[in-house]
Amino acid sequence: EAGVVQSPRYKIIEKKQPVAFWCNPISGHNTLYWYLQNLGQGPELLIRYENEEAVDDSQLPKDRFSAERLKGVDSTLKIQPAELGDSAVYLCASSLFKDTQYFGPGTRLTVL
Amino acid sequence: AQKITQTQPGMFVQEKEAVTLDCTYDTSDPSYGLFWYKQPSSGEMIFLIYQGSYDQQNATEGRYSLNFQKARKSANLVISASQLGDSAMYFCAMREAGSNYKLTFGKGTLLTVNP
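Residue indices begin from 1 for each chain and proceed along its sequence in written order. A letter from A marks each chain and a number from 1 marks each ligand, given out in the order of writing. Given that the model is predicted, a residue must reach a pLDDT of at least 70 before its local features are reported, and side-chain atom pairs must reach 80 or more before they are shown or counted; all residues, however, enter totals for whole chains, interfaces and linings. Water and hydrogen atoms play no part in the side-chain values, which are based on all heavy atoms of the structure.

Participant: What should I look at first to understand the pairing of strand 6 (residues 46-52) of chain B in this one?
Facilitator: Two faces make up the sheet, and in a regular strand the side chains alternate between them. In short, DSSP must find at least two bridges between two strands for them to pair. The numbering of helices and of strands both runs from the N terminus, where a helix is a DSSP run of H or I of at least 4 residues and a strand a run of E of at least 2. Examined bridge by bridge, strand 5 (residues 32-39) of chain B and strand 6 of chain B share six bridges and lie antiparallel to one another. The partner of B:Trp36 across the bridge, within strand 6 of chain B, is B:Ile49.

Next up, the structure:
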C-alpha cells in the first residue's frame, strides 16, 4: 500500500514569491493534516481536513497561507507571499477518521 | 505548560544494547493517546507505537515497547537490541479527546547508535 505522497521534496524560493505544496494521502483516509516543523522542533498542526471540510484551521496564518482539499482526496497548501521565517519542513499526514496519523516525507522550504 | 516534555536532547547507545527515551505529558483529559514517531534524516515521520489511556497493558511492537506509568504521566519508549538504523530523532506525541484529537508533539530526542 502506498504511503502519503508529497511534492516537491525540496523548494528554494526568494521572499515575496508564492509557493505551493501538494499532498496525496493514503488511499481511503478521509482525514488529512498539514503540519509545520521548524528546525529542532516537533511538528505543529496548521490545518486538518475531514473529507473536503477544513474542521480545524485555527493555527493557519490566513493572511498568507491557504489550503484546499478538492474532492476530499489530494490537498494543496499555498503561501503567498513567502517570508524568510517560513523556511521550514511542511509535513502532510493522513488518517482514517481519528486513528493513527501517517506522515509523508515532507517538503523542505528555503526562503532566501 | 508544555503538554509533552522530552528532557533528553540527545542520547547515545551501543549497538545491540537497549535504550530508554523519556517522555512525560500533561493533561486533565481522561481520554488520551500517546504516540512515538521516528524521524530519520530523510525527514519522514514514521509511526512506531501507540498507547491508549485506558489500556491496561504496556504496548509492544517488535523491538519497541512503551513503559506507560499513568500516575507519573510518563510514557517512555524502550528500544531493545539497538541497530545502526535506529539512529534518528524520536518524537513523543499526545492526542486528547477534548482537543478534537489534535496531535501535540514534544521537541524530540536525537538517538545515535554507535557500532
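Participant: Please clarify how the nonpolar core should be interpreted in this entry.
Facilitator: Buried together is how nonpolar side chains tend to be arranged in soluble globular proteins. Among the buried residues, those of types Ala, Val, Leu, Ile, Met, Phe, Trp, Tyr and Cys that are joined through side-chain atoms within 4.5 Å form a nonpolar core. Think of it in three bands: residues with accessible area under 20% of the maximum for their type are buried, residues over 50% are exposed, and the middle band is partly exposed, with areas taken using a 1.4 Å probe on protein chains only. The biggest cluster of nonpolar side chains holds 24 residues, and the ones touching the most others in it are B:Tyr25, B:Leu34, B:Trp36, B:Ile49, B:Leu77, B:Tyr90 and B:Leu111. Within the residue set of this core, elements represented by two or more residues are strand 3 (19-21), strand 5, strand 6, strand 8 (64-69), strand 9 (74-79), strand 10 (88-96) and strand 12 (109-114) of chain B. Ranked by the residues each element gives to this core, the list is headed by strand 10 of chain B, at four residues. For B:Tyr90, the contacting residues outside a window of four places in its chain are B:Gln6, B:Leu21, B:Trp36, B:Tyr37, B:Lys38, B:Leu48, B:Leu77, B:Ile79, B:Gly108, B:Thr109 and B:Leu111. Counting residues in each nonpolar core, the second largest holds 22 residues, with A:Trp34, A:Ile47, A:Ile79 and A:Ala88 among its members. We call two residues in contact whenever any of their non-hydrogen atoms come within 4.5 Å of each other.

Participant: Looking at this structure, I do not really get the pattern of salt bridges. What am I missing?
Facilitator: It is possible for side chains bearing opposite charge to pair when their charged atoms get close. Residue and element names in this part refer to chain A. Salt bridges, as used here, are contacts in which a Lys or Arg side-chain nitrogen is within 4 Å of a carboxyl oxygen on Asp or Glu. Under the criterion given, the structure shown has six salt bridges over all chains. With a shortest N-O distance of 2.6 Å, Arg48 and Glu50 are connected by a salt bridge. Look at Glu50 and you get partly exposed, because its relative accessible area is 27%. Between Arg64 and Glu83 there is a salt bridge whose closest N-O contact spans 3.3 Å. Linking Arg64 in the loop between strand 6 (53-56) and strand 7 (65-68) with Glu83 in the loop between strand 8 (75-79) and strand 9 (88-95), this pair joins segments that are 19 residues apart in sequence. Note on Arg64: relative accessible area 13%, which makes it buried.

Participant: Just checking my understanding: could you explain the interface of chain B and chain A for this structure?
Facilitator: Interfaces are often sized by the accessible area lost when the parts come together. Each partner contributes to the interface: chain B provides 17 residues, whereas chain A provides 19 residues. Here the quantity called buried area is the total loss of accessible area, with a 1.4 Å probe, experienced by two parts when brought into contact, counted for both. Between chain B and chain A, the buried area comes to about 1,600 Å², and carbon and sulfur atoms account for 50% of it. In terms of surface lost to chain A, no three residues of chain B exceed B:Met45, B:Asn100 and B:Phe105, which account for 26% of the buried area on that side. Under the rule applied, a polar contact is a pair of N or O atoms within 3.5 Å (in protein, one hydrogen donor and one hydrogen acceptor; residues adjacent in sequence only if both atoms are side-chain atoms). Across the chain B-chain A interface, the total number found is five residue pairs in polar contact (both at pLDDT 80 or more). Among the secondary structure elements, those contributing two or more residues to the side of chain B that touches chain A are strand 5, strand 10 and strand 11 (103-105) of chain B. No other element matches strand 5 of chain B, which puts three residues into the side of chain B that touches chain A. In this classification, the charged set is Asp, Glu, Lys and Arg, the nonpolar set is Ala, Val, Leu, Ile, Met, Phe, Trp, Tyr, Cys and Pro, and all remaining amino acids, among them Gly, are polar. Along the lines of polarity and charge, the residues of the side of chain B that touches chain A split into eight nonpolar, five polar and four charged.

Participant: What's the story with the state of the cysteines in this structure? I'm lost.
Facilitator: Among covalent bonds in proteins, the disulfide is the one between the sulfur atoms of two cysteines. Disulfides are defined in this document as cysteine sulfur pairs within 2.5 Å. Per the counting criterion, the structure on display carries two disulfides over all chains. Disulfide pairing places A:Cys23 opposite A:Cys92 at an S-S distance of 1.9 Å. Looking down the S-S bond of the A:Cys23 and A:Cys92 bridge, the torsion is -70 degrees, so its handedness is left-handed. Taken together, the residues A:Cys23 in strand 3 (residues 19-24) and A:Cys92 in strand 9 connect sequence positions 69 residues apart. Neither residue differs from the other here; A:Cys23 and A:Cys92 are each classed as buried. Covalent S-S linkage joins B:Cys23 and B:Cys92, the inter-sulfur distance amounting to 2.0 Å. Between B:Cys23 and B:Cys92, the S-S dihedral sits near -65 degrees, and the bridge is therefore left-handed. Note that B:Cys23 is positioned in the loop between strand 3 and strand 4 (24-25) and B:Cys92 in strand 10, a separation of 69 residues in sequence. According to the relative accessible area criterion, B:Cys23 is buried, its value standing at 0%. The class of B:Cys92 is buried, set by a relative accessible area of 0%.

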